[in-house]
Amino acid sequence: MPNNPEKIVIIGSGPAGWTAAIYAARANLDPLVFPGRAVSKDLVPGGQLMLTTDVENYPGFPEGVMGPQMMELFFKQAMRFGTRVVTDDGIKSNDDVQHGLFTPFQNVASVDLSKRPFHVVGDNGFEVDAHAVVIATGAKANWLGLENETRLAQSGGGVSACAVCDGALPMFRDKVLAVVGGGDSAVEEANYLTKFAGKVYMIHRRDELRASKIMQDRALNNEKIEILWNKTVIDVLGDDVITGVKLQDTQTNEESELEVGGLFMAIGHTPITGFLDGQLETDDAGYVKLKDPYRSTTEIEGVFVAGDVADHVYRQAITAAGMGCKAAIDAERWLAEQGVE
Ligand code: NAP
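Rules and cut-offs
Residues numbered from 1 in each chain as written. Predicted model: local features only at pLDDT ≥ 70, side-chain atom pairs only at ≥ 80, totals over all residues. Heavy atoms only, no water. Core = buried A, V, L, I, M, F, W, Y, C linked by side-chain atoms within 4.5 Å. Buried < 20%, exposed > 50% of the residue type's maximum accessible area, 1.4 Å probe, protein only. Helix = DSSP H or I, 4+ residues; strand = E, 2+ residues; numbered from the N terminus. Contact = heavy atoms within 4.5 Å. Pairing = 2+ DSSP bridges. Axes fitted to C-alpha atoms, helices over the stretch in contact; angles between N-to-C directions. Domains from an automatic or database assignment. Salt bridge = Lys/Arg side-chain N within 4 Å of Asp/Glu carboxyl O. Nonpolar A, V, L, I, M, F, W, Y, C, P; charged D, E, K, R; others polar.

Novice: A description of the nonpolar core should follow, citing residues and the corresponding values.
Specialist: The biggest cluster of nonpolar side chains holds 64 residues, and the ones touching the most others in it are I8, W18, M70, V120 and I135. In terms of residues, this core owes the most to one element, helix 8 (residues 317–337), which gives nine residues. Excluding residues within four positions of it along the chain, I8 makes contact with A24, L29, D30, P31, L32, A132, V134, A331 and L335.

Novice: A description of the sheet that holds strand 14 (residues 225–228) should follow, citing residues and the corresponding values.
Specialist: Strands sit in the order 11-18-12-13-14 across an open sheet of five strands; the sheet is parallel. Each edge of the sheet is formed by a strand with only one pairing partner; in this case those strands are strand 11 (159–160) and strand 14. Where strand 13 (residues 199–203) meets strand 14, four bridges bridge the pair, whose relative direction is parallel. Bridged to I203 within strand 14 is L228. Of the strands in this sheet, strand 12 (176–180), strand 13, strand 14 and strand 18 (262–265) touch helix 6 (residues 184–193), which is tilted by about 170° from strand 12.

Novice: Talk me through the domain arrangement of the protein chain; I want residue IDs and the actual numbers.
Specialist: The assigned domain composition of the protein chain is domain 1 (6–140 + 269–337) and domain 2 (143–265). Contact residues are listed per partner, giving eight residues for domain 1 and nine residues for domain 2. For the pair domain 1 and domain 2, the number of links is zero salt bridges. A class-by-class count of the residues in the side of domain 1 that touches domain 2 yields one nonpolar, four polar and three charged.

Put into structure tokens, the structure is as follows:
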């Protein structure tokens with residue numbers, strides 16, 4: 001069992017988690033981060049950005065930066081100021097990073113937020129107590145789960161789950177693009193893509209949109225958008241770069257092919273909150289509820305939240321990083337009030 005409680009434990013390692021760690025480390029709080037499992041053994045964990053190619057809208061990178069590279073920079077910056085990380089081989093610090101001593105990073109399996117200090121359990125047996133906890137586990141974009149979809153999304157072959165992040169890339173300029181989904185995000189993304197694309201298809205599995213009326217009107221009145229009703233994508237075509245999709249009609253089962261130069265998934269997100277086991281209140285869509293919309297506080301004193309796990313509106317690296325900063329500052333002030341310095 002753990003002995004001395006940590007001052008602050010940060011769960012998650014996207015822009016929110018690493019930014020919270022940078023601020024907490026610089027405030028001498030010796031943050032301990034459960035970064036989660038990396039998508040591959042050569043990479044640091046970093047959330048959704050590990051699945052993104054060029055990031056061109058994060059200030060400070062005038063030439064753009066690859067998502068995984070940006071997360072490695074966040075990680076190194078957090079480590080340089082004294083952040084520690086939980087790996088399968090215990091706690092590692094910046095010295096270990098410098099010497100390349102790396103075993104896989106640990107995820108969180110469960111937390112007990114019912115009493116203070118809080119208790120955090122890793123998915124490989126590591127346990128720790130903490131005076132303050134920052135939850136920054138993010139939200140996963142939903143995907144169709146098709147093999148070629150995953151392959152081309154990971155290789156930057158023109159399949160993405162974020163039009164705002166990727167839509168302006170040169171590879172999509174003046175192309176025929178497709179957005180999958182019929183909700184507000186799908187309409188928003190389709191509209192956004194019409195700034196760059198020659199034409200945008202919305203592929204929706206039903207014969208009516210889920211999107212709000214005002215958003216529906218936006219799609220229906222945009223000459224560059226054509227909605228393909230009652231269709232699902234059953235395969236993504238193309239070797240290195242997407243060339244099209246195979247569709248199936250949901251009413252007749254008839255199959256067809258559509259040539260596209262880019263495919264954007266907008267079929268919702270799933271916030272990563274399973275490990276909380278209902279201990280924090282969530283909204284109808286499963287996002288953690290903030291106690292005060294301008295802060296990072298939750299209904300449990302000492303538990304702070306940052307990034308996409310509590311934000312279904314903006315979902316950007318820059319907004320997540322901003323929330324991570326708020327969470328660290330809120331935690332620092334709260335810890336000082338508790339006499340934990
Ligand atoms: P959403 O409302 O849950 O819509 C998801 C869409 O994806 C639905 O049309 C759904 O089809 C479709 N879908 C889900 N799984 C699918 C699958 N396996 N295959 C094919 N299609 C699938 O998600 P969202 O659009 O991301 O919106 C999330 C929340 O954010 C909503 O509350 C929304 O109002 C809000 N939001 C608001 C704005 C805005 O107001 N500007 C912008 C973005 C998001 P069905 O309709 O058949 O279920």
